[in-house]
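# A closer look at the structure
What follows is the residue order along each chain.
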Amino acid sequence: MAGFRLIDSVKPFLPFLPEVELPYEKLQFDDRVLYTVFISLVYLFAQLPLAGIEKDIVTSINDPIYFLRSAFAAEPRSLLEFGIFPIISSALIMQLLSGLKIIKVNFKLQKDRELFQSFTKLITFIQYFFLTNIFILAGYYGTDLTIFQVALLNFQLVGAGVVATLLIEIIDKGFGFTSGPMIINTVVIATNTIADIIGVSQIKIDDQGNTEAQGALINLVQGFRAKHKTLVGAVVSAFNRDYLPNLTTAVLVLTIGAIVCYFQNFRVELPIRSTRARGMNNVYPVRLFHVASLSVSFSYTLLFYIHITAFTLITLVGKNDPSNIVCKILGHYNDVNNILAVPTFPLSVFTPPRSFFGGLIEAPLSFVVFPAFVLVTGVWFAYKWQAISGQSAYDLAKEFKEQGLTLAGRREQNVGKELDKSIPLASATGAAVLAIITIAGELLGLKGKAASMVIGVCGGFSLLELITLEYQQAGGNSALSQVLGNPTSM
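Below you will find a few notes about this structure. (Residues numbered from 1 in each chain as written. Predicted model: local features only at pLDDT ≥ 70, side-chain atom pairs only at ≥ 80, totals over all residues. Heavy atoms only, no water.)

### So, the overall build of the protein chain
- Summing up its helical and strand segments, the protein chain has 17 helices and seven strands in all.
- For 490 residues, the compact-globule estimate of 2.2 N^0.38 gives 23 Å, and the C-alpha radius of gyration of the protein chain, at 24 Å, lies within 12% of that figure.
- When the backbone C-alpha atoms are referred to their principal axes, the protein chain occupies close to 80 × 60 × 45 Å.
- Partitioning the contacts of the protein chain with sequence separation of at least 6, the portion at a separation of at least 24 is 66%.
- With an accessible surface of roughly 24800 Å², the protein chain has 64% of that area assigned to carbon and sulfur atoms.
- Computing the positive centroid from 36 side-chain charges and the negative centroid from 34, the protein chain places the two 8 Å apart. (Helix = DSSP H or I, 4+ residues; strand = E, 2+ residues; numbered from the N terminus. Rg over C-alpha atoms; globule rule 2.2 N^0.38 Å. Contact = heavy atoms within 4.5 Å. Areas by Shrake-Rupley, 256 points an atom, 1.4 Å probe, with all protein chains shown as cover. Lys, Arg positive; Asp, Glu negative; His and termini not counted. Charge placed at Lys NZ, Arg CZ, Asp CG, Glu CD.)

### Comments concerning helix H5 (residues 180-198)
- For H5, which comprises 19 residues, the first-to-last C-alpha distance of 27 Å matches the rise-based estimate of 27 Å (1.5 Å per residue) to within 8%.
- Those residues of H5 that fall on the buried side of the exposure criterion are Gly-180, Pro-181, Met-182, Ile-183, Ile-184, Asn-185, Thr-186, Val-188, Ile-189, Thr-193, Asp-196 and Ile-197.
- Looking at the buried residues of H5, the elements they touch are helix H1 (29-45), helix H2 (85-99), helix H4 (147-175), helix H6 (216-223), helix H8 (247-264) and helix H16 (449-473). (Expected span 1.5 Å × (residues − 1). Buried < 20%, exposed > 50% of the residue type's maximum accessible area, 1.4 Å probe, protein only.)

### Description of the side chain of Ser-78
- Mapping Ser-78 onto the fold places it in the loop between H1 and H2.
- Excluding residues within four positions of it along the chain, Ser-78 makes contact with Gln-47, Leu-48, Pro-49, Leu-50 and Leu-157.

### Points about helix H3 (residues 110-137)
- Over its 28 residues, H3 extends 41 Å from the first C-alpha to the last, a length consistent with the 40 Å expected when each residue adds 1.5 Å.
- One or two residues past the end of H3 sits Gly-139, with phi positive at roughly 90 degrees.

### Comments concerning empty space enclosed by the protein
- Scanning all chains against the criterion turns up one cavity of 30 Å³ or more.
- If you go around the largest cavity, the residues you meet are Leu-79, Leu-80, Glu-81, Phe-82, Gly-83, Tyr-128, Ala-160, Gly-161 and Ala-164.
- A total of three residues in the lining of the largest cavity trace back to one element, the largest contributor, which is H4. (1 Å grid on protein atoms, 1.4 Å probe; cavity = no way out; pocket = protein on both sides within 12 Å on 5 of 7 lines; lining within 4 Å. Points joined across faces, edges and corners; volume = space filled by probe spheres on them.)

### Remarks on the packing of H2 against helix H12 (residues 366-388)
- Orientation of H2 relative to H12, taken along the N-to-C sense of each, is 65 degrees, at an axis distance of 10 Å. Handedness of the crossing formed by H2 with H12: left-handed. Between H2 and H12, the contacting residues are Leu-92, Gln-95, Leu-96 and Gly-99 on the first element and Trp-380, Phe-381, Trp-385 and Ile-388 on the second.
- When its residues are assigned to classes, the contact of H2 with H12 shows six nonpolar, two polar and no charged. (Axes fitted to C-alpha atoms, helices over the stretch in contact; angles between N-to-C directions. Left-handed = near helix turned anticlockwise from the far one by under 90°. Nonpolar A, V, L, I, M, F, W, Y, C, P; charged D, E, K, R; others polar.)

### Quick look at the environment of Leu-247
- Position of Leu-247 among the secondary structure elements: in helix H8.
- Overall, the relative accessible area of 10% leaves Leu-247 in the buried class.
- Measuring from C-alpha to C-alpha, the distance between Leu-247 and Gly-215 comes to 8.7 Å, with 32 residues separating the pair along the chain.

### Some remarks on a nonpolar patch on the surface
- A cluster of nonpolar side chains, namely Phe-224, Leu-231, Val-235 and Phe-239, defines an oily patch on the protein surface of about 370 Å² accessible area.
- As for its position among the elements, Phe-224 is in the loop between H6 and helix H7 (231-240). (Patch = residues over 30% accessible without salt bridge, like charges linked within 9 Å, V, L, I, M, F, W, Y side chains within 5 Å. Salt bridge = Lys/Arg side-chain N within 4 Å of Asp/Glu carboxyl O.)

### Observations concerning the sheet that holds strand E3 (residues 267-274)
- Here we have three strands laid out as an open sheet, ordered E4-E3-E7, and antiparallel in their pairing. At either margin of the open sheet sits one strand with a lone partner, and together these are strand E4 (281-287) and strand E7 (405-407). Taking the axes of each pair of neighbouring strands and ignoring which way they run, one obtains an average angle of 45 degrees across the sheet.
- Pairing between E3 and E7: three bridges, direction antiparallel. (Pairing = 2+ DSSP bridges.)

### Some details on the environment of Gly-159
- Position of Gly-159 relative to the elements: it lies in helix H4.
- For Gly-159, a relative accessible area of 29% translates into the label partly exposed.
- Sequence spacing of Gly-159 and Ala-435 is 276 residues, and the spatial spacing of their C-alpha atoms is 34 Å.

### Thoughts on the packing of aromatic side chains
- Tallying each qualifying case throughout the model produces 22 aromatic pairs.
- Ring geometry for Phe-135 versus Tyr-140: centroids 4.7 Å apart, planes at 65 degrees, classification edge-to-face.
- For Tyr-140, a relative accessible area of 0% translates into the label buried.
- Through a chain of ring-to-ring contacts, the aromatic side chains of Phe-82, Phe-135, Tyr-140, Tyr-141, Phe-311 and Tyr-333 assemble into a single cluster. (Phe/Tyr/Trp six-rings, centres within 6.5 Å; stacked < 30°, edge-to-face > 60°.)

### With respect to the pattern of salt bridges
- Within the structure shown, the criterion is met by 12 salt bridges.
- Its salt-bridge partner being Asp-63, residue Arg-69 comes within 2.9 Å of it at the nearest N-O pair.
- Arg-69 sits in the buried class, given a relative accessible area of 5%.
- Classification of Asp-63 as buried rests on a relative accessible area of 7%.
- Across the pair Lys-121 and Glu-169 runs a salt bridge whose closest N-O atoms are separated by 3.0 Å. With a gap of 48 residues between them, Lys-121 in helix H3 and Glu-169 in helix H4 connect regions that are remote in the sequence.

### Comments concerning the packing of H6 against H7
- For the pair H6 and H7, the least separation of the axes is 9 Å and the interaxial angle reads 175 degrees. Here H6 is positioned roughly antiparallel relative to H7, judged by the angle of their axes. Between H6 and H7, the contacting residues are Asn-219, Leu-220 and Gly-223 on the first element and Ala-234, Val-235, Ser-237 and Ala-238 on the second.
- A per-class count over the contact of H6 with H7 returns four nonpolar, three polar and no charged. (Parallel < 35°, antiparallel > 145°, perpendicular 65-115°, else oblique.)

### Quick notes on the nonpolar core
- Core analysis: the largest hydrophobic core is formed by 82 residues, its most contacted members being Phe-135, Tyr-141, Val-260 and Tyr-300.
- Tallying contributions element by element places helix H9 (residues 294-317) first for this core, with nine residues.
- Apart from the residues within four sequence positions on either side, Phe-135 is in contact with Pro-64, Ile-65, Arg-69, Glu-81, Phe-82, Tyr-140, Tyr-141, Ile-308 and Phe-311.
- Core analysis: the next-biggest nonpolar cluster, separate from the first, contains 12 residues, Val-286, Ala-393, Phe-400 and Leu-407 among them. (Core = buried A, V, L, I, M, F, W, Y, C linked by side-chain atoms within 4.5 Å.)

Shown next as C-alpha cells:
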C-alpha cells in the first residue's frame, strides 16, 4: 500500500500506548471463567464517586446524556462517567470505515492489524480526554474549579478510561470469553436491573432526611411503614416515582427482556450436506438477530455524538442562553427536578420523552424523528455490517467450501447466491425488530433502559452460547462445575 494511510499516524505514539500481551498458551476453561468474572467485578466496583468535587453539587446543567448511559455502562459523577462508550464507539466506527474502504487497512498483514488496533485504542483515549474536559468546561462538575481540581478530574476520568480499555483488552486477547465490551455491558446491565427492582440501598430524597430504597419492589414494602407517606401514597409512589426506579418501569423492562428472549429463537434453517461423505446431512441456522444488538449500539453511538456535540456548542459557545444564536439554532437545556437536563427544540427531537403523555404535550415531534432515526440507522448499519464483518453470504460460502459443505439441492457455485437471499434480509429484519422494541420502550419513558435491556439480553445469549461451546470443546471437564455441584460431572 503506497502513500500515507491514516493508521500510520499512530506510529509515533506506539511506545507510549499500554498494551496487554497475548497469553503464552491457550488458557483452560476454568481460567477463562475466572478472568471473565474477576474483570467484570473490577469494573462493577470501580463505580466510585469522584474526588475533588462537592458531593451535593448543584449546576445549571446536570446530565445531558442521561438516557444514553444505560447502553454504555456509564455511571454519572463517578470514575465511570463515560463508561465504555469511547471503547465501543471507536471500535464500531473504525471497523465500519475500514469495511467501507474509507480507511486503508490490509487485515491479512499482522503489522496492519496491530496498527489498526493501536489506532483504535489511541482514538479511545483521545475521546476520554475530550469528553472529560468538555464536561469540566461546561460546568458539569461545578464552576470556579481550581487547576488542581481540573487536573485531578482528568487524572481520575481519563485514568479510569485507560484502565477500562485494558480490562476489556485482557478479555479480547483470549484471557476471557468473546468480546470484552459485550461482557462488561451485559454484567452491568444485569446488575443494574436487579438493583432497580430489589436494591436495598437507601437514598436521600428530600431535605428532611427521608430516604427510599433504590429497588422499586423494596420501596413498595418499605412504603407501608414510611412516616412521610400514607398507604395510598406509598402504592402510588412505588409505581409512579420519577426520581428513582419504579415498578412500572421495572415491569416494562422485564417485558422487553422477555420479548427479546422470544425472538432469539427465530431462525431459518437451511439444509446442508457434505461434499466429501455421503449421507452426512445437517441444517445451518440463519438467525433473525444475525448481527445481534450491534445495530442498537450503533444508533445510540450516533445519538451520543449528536448530544455531546450539541452540548458542547450550547454550553461553551452559546452559554445555554436562549437568546444566543447557537441556542436559537440547536436549542437549550432546562432542568427538571435538578436531575435531568432536558433539551428544547430542535435537539429534543433526538431525545426520547421522559413519559408518554408528557412527551406528547412537550415534544410531539420526538415521537416521529427519534423512532425514525433509530430504525433507519439500525437497519442501515445491520445491512452494511453483515457485508463487511466476515458474516456475509459469500464469506459463509467460502467457509462451506473449505469445510466440504454445500446447500442441499444446490450447486456449489450457487451457494453464495442462495445464502445472499437469506442473510442480508435476516440482518435488516432483525435490526428492525430490535429497533422497534427499543423505540416502544423509550417512548413509554424508560429513559434508555429499553436499549440497555435489548443489548444486555442479546449479549447474554451470545455469551451463554460461547461458554457452552467452550465447555463442550473442553470435554465437559471443569473443576468449577464440580464445585457448583453439576450433576453431569458426578
